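Commentary on secondary and tertiary structure
What follows is each chain in one-letter form.
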Amino acid sequence: MDSTAVVTASNTAANSGISTPWIKKYGLLTTDEIAIFTLLDNVEDIQFDIFELDRMSNHRPLHYISWYLFRKHDFLEKFKIPEAKFRHWVTKVEQGYKPTNPYHNSIHAADVTHSMHYYVTRPRVWERLNSEERLATLIAPIIHDYMHPGVNNAFLISTINPLSLRYNDQSVLEHFHCASIFELMSRDEFNILSSLTPECRKQVRDLVISMVLATDMAMHFEWIGKFKNKLNGPGFNFDIRADRKLLLNMAIKCSDVNNPAKRLDQCKKWTELIMEEFFAQGDEERRRGVPVSMFMNREATDIPKCQIGFIEFIVQPLFEAWAGFMQEDAAVVMANIHNNKQYWKSRAEPQVSVVVPPTISRAMNNTTSESAAEEISIINNKLTTQQNRTDSRAISLASEPDQTRPEFLTSQSDRIPGRKSVTNIPSGPSLLATSLSVGTTPPIRNQR
């Protein structure tokens, strides 16, 4: 950022594209910041390009979208947060996201923050929330993957990582993110909640923790079940805090796995990044001599097949439930999900097309049944057996001439337009494998 290129409001109001109220709030701006804030004036668009924000902000997307949104909603003034303190805090948070993680880095955090902001600021949600809840809905996505180590919960548990021991194998990373951020905020220089009353701080902290824990994919179907039971049963009573919390937990879940809900160019970019993480974790698992997780074997995984399964098993059930509440506010994302699924189907080999088995369809539609978890477990085992057979075939074929190998076992470069290879970069958590791989079947408990 060119700190010398500072211009005053009077010199820039006419040509910056930023409204006068914004100029009055921000005061001195660099020319780069003017361009960034002009871009962020489109933040209400669900199709907002977070990768462009990353480029324009010199890879500080989380800092600028957070600063913009906190100022947009007057949170700094309402909660008496000194602006310098807030920017110091969000800079520290952004530094806590490892840039070597190809997927779970500050771009992902900024993207989740954008989507969460879009969902919760629709009138059907925003008008139901009190001030502390509104504040929490921005803090949670900003910090939801803070200090992510680059591997998933299943990996931490199977390798008996100290974090899995500390959190008793329960939502390991999610507990770690929450604990790490509130430990940071125990230092006055980073405590942006210091001016709140003890009761208000408790309310914000409780809601932030609830939302971050809701992003654990092991609880995916349970959250969908709770939401559908409420929506299709007595309905939401927004005078009850628990109902508002349930709604916000679903909002952040949708924001966290929203890649297939993006327009196609962004969907393909996010797919490229998540597959880099998947394959890198698979490489590390192979190096350690442990079974390679489903969809993390770079020699065997078919990317279109993986994405079709992710959309049909994980994303669609979630967003269909969410759209039942959001109605027309979810129209664009639902159209994107449909279009992206059709794209991946067009890229998939005929022999690897994904068909949702009737048993898993019943399980996803019957989230109050104890037997549903058993049905998914059986399917899990079948999927893993099939994957292992494919892995063995891939190893056998590795030594054969390339022309003898089936196309879906060759380099993944043709799966991602413009991508020559999938590089070996430290990995992040698997969204689909966490839900479908052996040992991590999403629990489905009786909600009645």
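Rules behind the numbers
Residues numbered from 1 in each chain as written. Predicted model: local features only at pLDDT ≥ 70, side-chain atom pairs only at ≥ 80, totals over all residues. Heavy atoms only, no water. Axes fitted to C-alpha atoms, helices over the stretch in contact; angles between N-to-C directions. Helix = DSSP H or I, 4+ residues; strand = E, 2+ residues; numbered from the N terminus. Parallel < 35°, antiparallel > 145°, perpendicular 65-115°, else oblique. Left-handed = near helix turned anticlockwise from the far one by under 90°. Contact = heavy atoms within 4.5 Å. Nonpolar A, V, L, I, M, F, W, Y, C, P; charged D, E, K, R; others polar. Expected span 1.5 Å × (residues − 1). Buried < 20%, exposed > 50% of the residue type's maximum accessible area, 1.4 Å probe, protein only. Polar contact = N/O pair within 3.5 Å; in protein donor to acceptor, adjacent residues only side chain to side chain. Core = buried A, V, L, I, M, F, W, Y, C linked by side-chain atoms within 4.5 Å.

Turning next to the packing of helix H10 (residues 131-143) against helix H16 (residues 241-256). Put simply, H10 and H16 touch, their axes get as near as 11 Å, and they point 30° apart. Compared by their axis directions, H10 and H16 come out roughly parallel. The two elements H10 and H16 cross, and the hand of that crossing is right-handed. Here H10 contributes Glu133, Thr137, Ala140 and Pro141 to the contact with H16, which in turn contributes Arg241, Arg244, Leu248 and Ile252. Taken together, the residues of the contact of H10 with H16 sort by class into four nonpolar, one polar and three charged.

For helix H8 (residues 106-120), with 15 residues, the first-to-last C-alpha span of 21 Å sits near the 21 Å given by 1.5 Å per residue. Burial runs high along H8: 15 of the 15 residues are buried. If you check the start of H8, you find a side-chain oxygen 3.0 Å away from the backbone N of Ile107, and it comes from Asn105.

Let us look at the environment of Met250. Relative to the helices and strands, Met250 resides in helix H16. For Met250 and Ala214, which are 36 residues apart along the polypeptide, the C-alpha to C-alpha distance reads 7.8 Å. Setting aside residues no more than four positions away along its own chain, Met250 makes contact with Trp223, Phe227, Leu318, Ala321 and Trp322.

Residues Phe70, Trp89, Val93 and Ile143 are the most contacted members of the largest nonpolar core, which totals 111 residues. In terms of residues, this core owes the most to one element, helix H18 (residues 303-326), which gives 15 residues. Each residue touching Val93, except ones within four places of it in the same chain, is listed here: Leu62, Ile142, Ile143, Tyr146, Ile181 and Leu184. Core analysis: the next-biggest nonpolar cluster, separate from the first, contains eight residues, Phe155, Leu163, Tyr167 and Val172 among them.

No statement about biological role is implied by the geometric values presented.
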